[in-house]
Each structure stands twice: as structure tokens, then as C-alpha cells.
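What follows is each chain in one-letter form.
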Amino acid sequence: MVLYTSPFPNSFLSVLHSFSWGLIFPCYWFADRLVASFVPTTYEKRQRADDPCYFHALCIIITTPIYLALLVASLPFALIGFLLWSPLQSARRPYIYSRLEDKSHANGATLLTEWKAAGNGKSFCFGSANVCLLPDSLARFNNVFNTQARAKEIGRRIRNGASRPQIKIYIDSPTNTSISAASFSSLVSPQGGDSTNRTVNVGIKRTTSMEYKGDNSGSNNSEDSREDKGGNGEPNEGEENTCIVRINGEDNGHMSDIETDTVNGQANASGPAEHSLEGDAEISKTPNHKQKEGDSGSLDSYSASRESLVKVRVGDGTVDQSTVNNKLLYKASVMKKTSVRKKKHTDETFDHEISAFFPANLDFLCLQEVFDKRAAEKLKEQLHHYFEYIVYDVGVYSCHACCSFKFVNSGLLFASRYPVMDAAYHCYPNGKGTDSLASKGALFLKVQVGSTPQDQRIVGYISCTHLQAIAGDTTVRCEQLDMLQDWLSEFRKSTSSSSTANPEELVAFDVICGDLNFDNCSSEDKLEQQHSLFTHYKDPCRIGPGEDKPWAIGTLLDPEGLYDDEVCTPDNLQKVLENEEGRKGYLVYPTSKNHNSSQKGRKASLKGNGRRIDYMLYTEEGLYLEWKVEVEEFSFITQLAGLTDHLPVAMRLMVSTGEDDP
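By the naming in an unreviewed UniProt entry, the protein is Sphingomyelin phosphodiesterase 3, taken from Aythya fuligula. The protein has a UniProt comment under Cofactor (unreviewed entry) that states "Mg(2+)". We quote the UniProt Sequence similarities (unreviewed entry) comment for the protein here in full: "Belongs to the neutral sphingomyelinase family."

(A) Highlighting the packing of helix 5 (residues 147-162) against helix 10 (residues 373-383). One way to put it is that helix 5 packs onto helix 10 with a least axis distance of 8 Å and a crossing angle of 20 degrees. Here helix 5 lies roughly parallel to helix 10, going by the angle between them. Crossing of helix 5 over helix 10 shows right-handed handedness. Touching Thr147, Gln148, Ala151, Lys152, Ile154, Gly155, Arg156, Ile158 and Arg159 of helix 5 are Arg374, Ala375, Lys378, Leu379, Gln382 and Leu383, all from helix 10.

(B) Region of interest: the pattern of salt bridges. Per the counting criterion, the structure on display carries 25 salt bridges. Asp564 serves as the salt-bridge partner of Arg46, at 2.5 Å between the closest nitrogen and oxygen. You can see Arg46 sitting in helix 2 (residues 42-47) and its partner Asp564 sitting in the loop between strand 17 (547-548) and helix 14 (570-577), a full 518 residues away along the chain. With a shortest N-O distance of 3.1 Å, Arg140 and Asp136 are connected by a salt bridge. For Arg140, a relative accessible area of 8% translates into the label buried. The class for Asp136 is buried, based on a relative accessible area of 8%.

(C) Focus on helix 10. For helix 10, the full list of buried residues reads Ala375, Ala376, Leu379, Lys380, Gln382 and Leu383. Looking straight down helix 10, one finds that the buried residues subtend no more than 160 degrees of arc, so they occupy a single side. Buried residues belonging to helix 10 abut strand 1 (96-99), strand 2 (121-133), helix 5, strand 9 (364-370), strand 10 (389-392) and strand 11 (413-416). Taking the backbone nitrogen of Arg374 as reference, a side-chain oxygen 3.1 Å away marks Asp372 as the first, capping residue of helix 10.

(D) Structural view of the packing of aromatic side chains. Tallied over the full model, the rule gives 33 aromatic pairs. Between the NZ or CZ atom of Arg542 and the centre of the ring of Phe534, over which it lies, the distance is 4.2 Å.

(E) Molecular detail of the side chain of Arg611. One can find Arg611 in the loop between helix 15 (580-586) and strand 18 (614-618). Taking relative accessible area as the criterion, Arg611 reaches 16% and is therefore assigned buried. Within polar-contact distance, the side chain of Arg611 engages the side chain of Asp525 at 3.2 Å. When residues no more than four places from it in sequence are discounted, the contact partners of Arg611 are Asn517, Phe518, Asp519, Ser522, Asp525, Gly554, Thr555, Leu556, Val588, Tyr589 and Pro590.

(F) Spatial organisation of the nonpolar core. One finds Phe364, Phe414 and Phe509 to be the most contacted residues of the largest nonpolar core, which totals 91 residues. No other element matches the seven residues that strand 15 (residues 505-515) contributes to this core. Listed in part, the 28 residues of the second largest apolar core include Ala151, Ile390, Leu413 and Ala650.

(G) Region of interest: the UniProt feature "transmembrane region" (unreviewed entry) in the protein. Under the feature "transmembrane region" (unreviewed entry), the UniProt entry names residues 12-31 and 52-85. Helix makes up 97% of residues 52-85 and strand 0%, with an end-to-end C-alpha separation of 45 Å.

(H) Main features of the sheet that holds strand 19 (residues 628-637). Taking strand neighbours across the sheet as the criterion, the eight strands line up as 1-10-11-9-2-20-19-8 in an open arrangement whose pairing is mixed. Pairing within the sheet leaves two strands with one partner each, and these edge strands are strand 1 and strand 8 (351-355). Taken over all neighbouring pairs, the strand axes of this sheet differ in orientation by 15 degrees on average, direction set aside. Packed on one face of the sheet, helix 5 meets strand 2 and strand 9 and runs near 165 degrees to strand 2.

(I) Just the sheet that holds strand 18, in detail. What the five strands build is an open sheet, ordered 12-13-14-15-18; its pairing is mixed. This sheet does not close on itself; its edge strands, each paired only once, are strand 12 (420-427) and strand 18. Within the sheet, the average angular offset between the axes of one strand and its neighbour, ignoring direction, is 15 degrees. The sheet contact formed by strand 13 (residues 441-451) and strand 14 (residues 457-466) spans nine bridges and is antiparallel. In the sheet register, Gln448 faces strand 14, and the bridge partner there is Val459. Across the sheet, helix 11 (residues 474-495) is in contact with strand 12, strand 13, strand 14 and strand 15; its angle to strand 13 comes to roughly 35 degrees.

What counts, and at which threshold
- Residues numbered from 1 in each chain as written.
- Predicted model: local features only at pLDDT ≥ 70, side-chain atom pairs only at ≥ 80, totals over all residues.
- Heavy atoms only, no water.
- UniProt positions renumbered as here; feature names shortened; annotations may be inferred.
- Axes fitted to C-alpha atoms, helices over the stretch in contact; angles between N-to-C directions.
- Helix = DSSP H or I, 4+ residues; strand = E, 2+ residues; numbered from the N terminus.
- Parallel < 35°, antiparallel > 145°, perpendicular 65-115°, else oblique.
- Left-handed = near helix turned anticlockwise from the far one by under 90°.
- Contact = heavy atoms within 4.5 Å.
- Salt bridge = Lys/Arg side-chain N within 4 Å of Asp/Glu carboxyl O.
- Buried < 20%, exposed > 50% of the residue type's maximum accessible area, 1.4 Å probe, protein only.
- Arc of directions from axis to C-beta.
- Polar contact = N/O pair within 3.5 Å; in protein donor to acceptor, adjacent residues only side chain to side chain.
- Phe/Tyr/Trp six-rings, centres within 6.5 Å; stacked < 30°, edge-to-face > 60°.
- Lys NZ or Arg CZ within 6 Å of the ring centre and 35° of its normal.
- Core = buried A, V, L, I, M, F, W, Y, C linked by side-chain atoms within 4.5 Å.
- Pairing = 2+ DSSP bridges.

Listed below in C-alpha cells is the structure:
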């Protein structure tokens, strides 16, 4: 299958499309600004609280006639442009595939080596988020604004979080053997630019987020510096940018505060990394996105991010073993407390947490509601600093096939560190209401993640979708889920080059990500909860229809509270969501037919831990029979606090080959 790198098959149509959109854009922009001036966000209302009451009214009185006059003047040109633009959409391709050719721009990305399926296995990390990048006037109805600046900051935060080196802390103890919470969201200091997998037998400490920047210079994990690890507890093959820290001993050690400070002071002799100021100029135009104390979302803050930040330091010269052992004993007890905080439910087979950062070594990212095309370009530019392959501007416009007229695309965007082999998009034909104006649908992708010593390709399938949003349209969403399954089955058949007798490809995973716009606890969503999709695909957060696991929380934030000081930074939002009472104030909760849909006055009737409408599903069906796929980690992410009304989610899958299993 050919991947489309441009929206039109030839340059003439591309130029004609650009010309027609140039005629439309002024009218579109004036209309957007006119509506936006009448829809203030809660942040703007608070900023104006100290101004005289007549000041804002005076501004509207002055600007409204100007916008109206310019809008009317631009209408004839917009009409001509529309007559050119609309028929061109029949020749438009359903997506644009962008590959970063100049690898020097990917200064935050780790160079990947091909997985040969020769070790214990390999983990793959998936992320999904609804980023609400609509035209500014429409975004304000969700209480967010300045779409262009938000797009750049969202991309910057994602790449900074994902490009952090990963650290895994293993504790050898008679009382606790789980992996610490630091394994999923912590930082490890680069040592002389060498970011290869390594085992460090030293103490660990929390660090401020300003001491590490997501923009690493130079290439990491080069082939020359990589060392193969084997045996139990060693990194899996292909695990990038990882540091393994071993902590041995009983939990009976102690280290005085003076000694701790002395050791840390010596360890921090190296100077802090330089600040990354990229994007600050534009973001400063958006007051609610400026960095505040405790805002570790961009890794530029001056305060610690609780257990989310950990750094390993190796001192120069010889180290006294007894001192190191004492440090390890002391730190082991600290990390055990962290582990208890993270994994309260001991019967769970994988780690889970609420994290202030996107997971380190994020491999695949699925985004929804990237509707604004200019914002999509800014977002793509930022994400290309980490992801080499991006599929964006997905969808159809105007009248297309059996769909109604579409004014905006699907809003889907996919980013990957692995090459995309095939891609396909389908538009849901049954959209209703305002959703019918967007070409909501499903994007299906096939990626190559490695090859076997026998030259068999190792591939994975990822589906990204966004379902009908209007409450009560359960039948519409169920029909869309049916279509999603059918289209995915067709995509796998059409792109598979294997046969049972002569397999040329080995399928490692099959994952579905997206905003499904229903939760697993609302009484109004029973039809979707019982859909056959959940018999073929597993939801790590779900026990069964109508019941989520106790640690799962909602992903839909209450828009009215987005700019409260308690939740406007990643660290603050993380702290609030870890508390049950805090969640009640800032998450949207499942609705019940017996209660008013308004949150106020019904705290006693709240069900579950919030509306979880953003999903990550995986299946064990249709994969290579000799391999096993299981969830390794799952997290709810607060790094986009103040930038969107959804919580991103991330899942790390472990593909076990069993090659070296005893």
C-alpha cells in the first residue's frame, strides 16, 4: 500500500487548493475572532475581575463592528474560494504521511535498533489523548483558548516527557519485590552523553525537574555504545534509554540526614543542564500556559515532582562499599513507600499510577480533536523532535461518498517511532447533530517493529478512533463500534502478506486507542458497555460491564475548574487526582437516570472514580501463537494540565517471546 505524503496527487491541484483556501481563510478568521470575543473562558473572567466593569464591554463595542465589517468585506472572496475548494476535495487523499528526513532535528529521540526477537521480549508503549485543538471560538465552549499556542505547548510537553531516559528500580527484599513507581515516570541523569542500558549500584534521590531537559543533544543509544544484557532482571532486548538500578538488603538500614545531604551534595557537583527556552516566546502570549512553580509538565520548573522524578548520580573516584550499602538500605525503604503508593491493589498483575509525565520511551501516540489545520502543523513540528513518523490531517472534506457535508477533518493524528507500513481511514457515515459536520472515523495503521533472524517481519496493528459525542446517542456509537471491528478485520486481511503455512510476518500486538465518548459506569451507556468489542479486546481498567477496577479514574475533567490553582499544573493535578475527595471536585462523574446531570449538589450519589471515556484496548487474538502479550504498566497522565479537558492515558505492553525462558 502506498503512503500518501501530500494531500493531492499532483502539484497543480495542491496549488489550486492553497489558492482557494487563501480566499476562504480571511472570512474564516474574522468569524472565529468575532464569536470568540463573546465566549470568555473562566481564566479570562478572573483576569478581568479587577478591571472596571465597563472596560470589557467597551472593548466588545469597539471590536465587534470592525470584525463585522471585515467579515462582510471578505465574504465575496470566500464564496469564490469555496466554489473552487469544495470540488477539489473529491481528489483529496484521506491523510498526510510525514517522515522526518533530517535526523538532526530529532534531538530528543533515541535512535532505535531493530528488534530481532532473540531475547526475553520487548515492551512497547502507547499513549492516547484528546487535545481539544478546535478553532478558538469552538474550543472556548470547552473552556480552553489560544489554540495555536496550546498546540505548540502540547507537542513540546509530550516530546519532553517521552524523551526522558527511563529508570527501573528493582528492590531485592524479603518484604517487597515489586518495581518502584519510578520505573514509569522517573528521570535518570545522562552520564557524559551515554544513555545506554546500564545497571547502577548506587543511591537514588529525588531531583527537581529543572535538572533535566527533554531536549537531549546528540545521538543516544548508538550501536557502538550498546552492551548486550542477559539473565534475569536485565533489560529486555530493544529496551531503549533505560537505566537499571538494583537495591539489595533488608529494610533495617538508616542514613542520617547530614550524611544524605553530604552525599547528595557531592553527587550534584556537576552543573545543571541548560534551560530549553524553545517556544517560550509564543507560549507567553497565553497567560494560562506560562510555567508556574510546580509545573513540571515541560520539565522546566523549579520544584520537585514528587515521586515522578528520580535521578541516578555516579560519583567520580572510588566509592566505599559500606557507605553505598547504607545508602541503598535507606533508599530501599523510601522506594518501598513509593511502591505502596503506586500499587495499592496487590492482586493486580501490572503497575498503575497517576503520573505527572508522559512515559519515557513512548513508542506510539494517538491524538484526537486535532481539528485546526494550522494547529496540526505546529503540533507536528514539535512532535517530530521525538517521533520520526507522523500521520496527520486525517479525514475527508466537503461531500464525500455517502457521508454528509464535512467542514472539518476527523481530528485524528498518529505519531510513531517505528516506520508505518500501511494506513487506511474510514469515515463513520452515521454521525448526527454537530458531530456530522466533522469527518469522525477510524485510522488503521500497520507498523514494523523488528524482524526475526529468519528475515520475517515483526509487525503491529494500531487503530485510532473518535466516536459520536452527543449524550444519549448510544445506538449510533454501537453502530460505529460494529463498523470499527469490520473495518479493522478488513484492514488486517488486506495488508497481511502471510499464510499459515509460510508466515512472512509475525504480529506482535493489536491495539485500539481513542475517545469512545462513553464510560463503563454510567447507566445510560449500558449498550456500549456490553458491546462485543470487549469480548475480543481487553480493557486493562475494566472488571466487567458497569464496573471498573478500583484504581481506574475518569479521564474527563470538569471544564469549569481547569484554571483553579489546585489543578492548573501537572504536579498539582496529580496530587488532587490521587485523593478521592479531590477527584470529586474536578472530574466529571458518571450520570444516573435517578439524578440530575449537574455535578453540584449530588456528591453523595457519585459513582466510580469519574467518567473514563478515553480507552486503550489490546487483544491476544490474531497474534503470533508462540508469543504472549500482557500489560506491563498503565498510567493516567496530568502533564497536559491547563491545556485540554481530558486526561491522557498510556499503556506499556510486554511482548514475551519465551526464547530464553527457563
